[in-house]
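Residues per chain, in single letters:
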Amino acid sequence: MRAVLLTVLVSACASPGASSPFDVQAQSDPSPATAGASITWALDVTRTDDGAAVEGAELTVTPWMPAMGHGLSDVVLVTEVGGGSYEAACTFSMSGSWELQVHVAADGDEGDDVVIVEIE
Ligand SMILES: [Cu+2]
């Protein structure tokens, strides 16, 4: 069966009262992302002010299910692909609305972004 890849780009919402110097977009492979399967997220990090790709960033990715107040037990490993792109893999324990809480540190700046993702 030929996989149909939907391009779903989800923009990060700035947390209330704080604006991150970075913008994070996430795209899942496979798409849609399903619970119980290993999902690879392509994370694109840009500067909020001028849209420039951010290379050499330290990313910490924390999946969080806000409706139920839990995350995942596994630490999410992040690898830099280049050109402002990063990869993170994780397996969601259940379907529903999740957050990818992404902490970005680069060029002496730090910021927190939240990407809302729907897991089927
Ligand atoms: Cu849950």
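Residues numbered from 1 in each chain as written. Predicted model: local features only at pLDDT ≥ 70, side-chain atom pairs only at ≥ 80, totals over all residues.

Enquirer: Teacher, can you tell me more about the overall build of the protein here?
Expert: Counting its regular elements, the protein contains 0 helices and 10 strands. Taken from N to C terminus, the helices and strands of the protein fall in the order β-β-β-β-β-β-β-β-β-β. Split into buried and exposed, the 120 residues of the protein put 27% on the buried side. Taking the intrachain contacts of the protein between residues at least 6 apart in sequence as the baseline, contacts between residues at least 24 apart amount to 60%. (Helix = DSSP H or I, 4+ residues; strand = E, 2+ residues; numbered from the N terminus. Buried ≥ 20, exposed ≤ 12 C-beta atoms within 10 Å, placed from the backbone. Contact = placed C-beta atoms within 7 Å.)

Enquirer: Help me understand the pairing of strand β4 (residues 38–47), please; the structure alone is not making it clear to me.
Expert: Every regular strand shows the same layout, with side chains that alternate between the two sheet faces. In terms of strand pairing, strand β3 (residues 22–29) meets β4 through 8 bridges, oriented antiparallel. Paired with V24 across the strands is V45, a residue of β4. As judged from the 7 bridges shared by β4 and strand β8 (residues 85–91), these two strands associate in the antiparallel manner. Each residue of the ladder has a partner; that of A42, found in β8, is E87. (Pairing = 2+ DSSP bridges.)

Enquirer: Whenever I open this one, the environment of V54 confuses me. Can you help?
Expert: Within the secondary structure layout, V54 lies in the loop between β4 and β5 (58–65). Placed 50 residues apart in sequence, V54 and V104 show a C-alpha to C-alpha distance of 9.7 Å. Discounting residues that sit within four places of it in the chain, V54 has contacts with F22, V45, T46, R47, G84 and A106.

Enquirer: What's the story with the environment of G84 in this structure? I'm lost.
Expert: Within the secondary structure, G84 sits in the loop between β7 (78–82) and β8. Since 20 C-beta atoms lie within 10 Å of it, G84 is described here as buried. Distance in space between the C-alpha atoms of G84 and R47 is 9.8 Å, their sequence separation being 37 residues. Setting aside residues up to four positions removed in sequence, G84 forms contacts with D44, V45, T46, A53, V54 and E55.

Enquirer: What's the story with the environment of F92 in this structure? I'm lost.
Expert: Tracing the backbone shows F92 in the loop between β8 and β9 (96–106). When the 20 C-beta atoms within 10 Å are taken as the criterion, F92 is described as buried. Counting along the chain gives 28 residues from F92 to E120, while the straight-line C-alpha distance between them is 9.8 Å. Ignoring any residue separated from it by four or fewer positions in sequence, one finds F92 in contact with A35, I39, P63, W98 and I119.

Enquirer: Would you mind going over unusual backbone geometry with me for this structure?
Expert: Negative phi values dominate among residues other than glycine, just as trans dominates among peptide bonds. Residue P30 follows D29 across a cis peptide bond; omega there is 0°. Along the chain, the position of P30 falls in the loop between β3 and β4. The amide bond that connects S31 to the next residue, P32, takes the cis arrangement and shows omega of 0°. Position of P32 among the secondary structure elements: in the loop between β3 and β4. We note that D107 has phi near 55°; this positive angle belongs to a residue other than glycine. By secondary structure assignment, the location of D107 is in the loop between β9 and β10 (109–119).

Enquirer: Even after reading the chapter, I still don't get the pairing of β10, so can you show me in this structure?
Expert: Relative to β10, β9 runs antiparallel, the two being bridged by 11 bridges. Along β10, the bridge assignment pairs G96 with I119. Here β9 folds back onto β10 in antiparallel fashion, the turn holding 2 residues, of which D107 has a positive phi close to 55°.

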